[in-house]
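Secondary and tertiary structure notes
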Amino acid sequence: SAVIFMEEKRIQYYDSMGGTDRRKLKGLLQYLKDEYRAKKGGELDTEEWELVACKRDTPRQLNGFDCGVFTCMFCDFISKDCPLVFNQDHIDQCRERIALSIMKNCAIE
């Protein structure tokens, strides 16, 4: 997963397995350039933009099947501007939170 932080001019990669796909980060930056050109008719100055690889403190999964839960939790926490303070030990609570959000048809605060 990657997040575009427009105000900070940063695109950051989040991977619960610890990897980073630089091509995806560059692709997202190119997308921003293309959209800017299409909408504003000019060129987006990308010199100030930072492409950030997955950081060491990004929560990690300890198996090969919880990636979707981690992705959902990354989105949940980042969208609320909260630090990523969950880990594999919290996965059952994370699943319950996701299920409750689906059943209530809204994000859980």
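Residues numbered from 1 in each chain as written. Predicted model: local features only at pLDDT ≥ 70, side-chain atom pairs only at ≥ 80, totals over all residues. Heavy atoms only, no water.

**Let's talk about the layout of surface pockets**
We apply this condition: The method works on a 1 Å grid over the protein atoms by themselves. A cavity is a set of points holding a 1.4 Å probe that cannot get out, a pocket is an open set with protein on both sides within 12 Å along at least five of seven lines, and residues with an atom within 4 Å of a point line them. Grid points are joined across faces, edges and corners, and a volume is the space filled by probe spheres set on the points. Throughout, the ten residues Ala, Val, Leu, Ile, Met, Phe, Trp, Tyr, Cys and Pro are labelled nonpolar, Asp, Glu, Lys and Arg are labelled charged, and all others, Gly among them, are labelled polar.
Estimates place the volume of the largest pocket at around 280 Å³. If you trace the largest pocket, you find 13 residues lining it, with Phe5, Arg10, Tyr14, Ile78 and Cys82 closest to the centre. Per-class residue counts for the lining of the largest pocket are six nonpolar, two polar and five charged.

**A closer look at the sheet that holds strand β2 (residues 10-13)**
Selection criterion: Only strands that DSSP links by at least two bridges are regarded as paired with each other. The helix and strand labels rest on DSSP assignments: H or I over at least four residues marks a helix, E over at least two residues marks a strand, and numbering proceeds from the N terminus. Axis lines are fitted to C-alpha atoms, over the contacting stretch for helices. Their N-to-C directions set the angle, which ranges from 0 to 180 degrees. Here, residues are in contact when the closest pair of their heavy atoms is within 4.5 Å.
Spatially, three strands are ordered β1-β2-β3 in an open sheet, and the strand pairing comes out mixed. The open sheet has two edge strands with one neighbour each: β1 (2-5) and β3 (50-52). Pairwise comparison of adjacent strand axes, ignoring direction, gives a mean angle of 15 degrees for this sheet. Note that β2 and β3 share three bridges and pair parallel. When the bridges of β3 are listed, isoleucine 11 appears paired with leucine 51. Sheet contacts for helix α1 (residues 22-40): β1, β2 and β3; angle to β2, the most-contacted strand, approximately 150 degrees.

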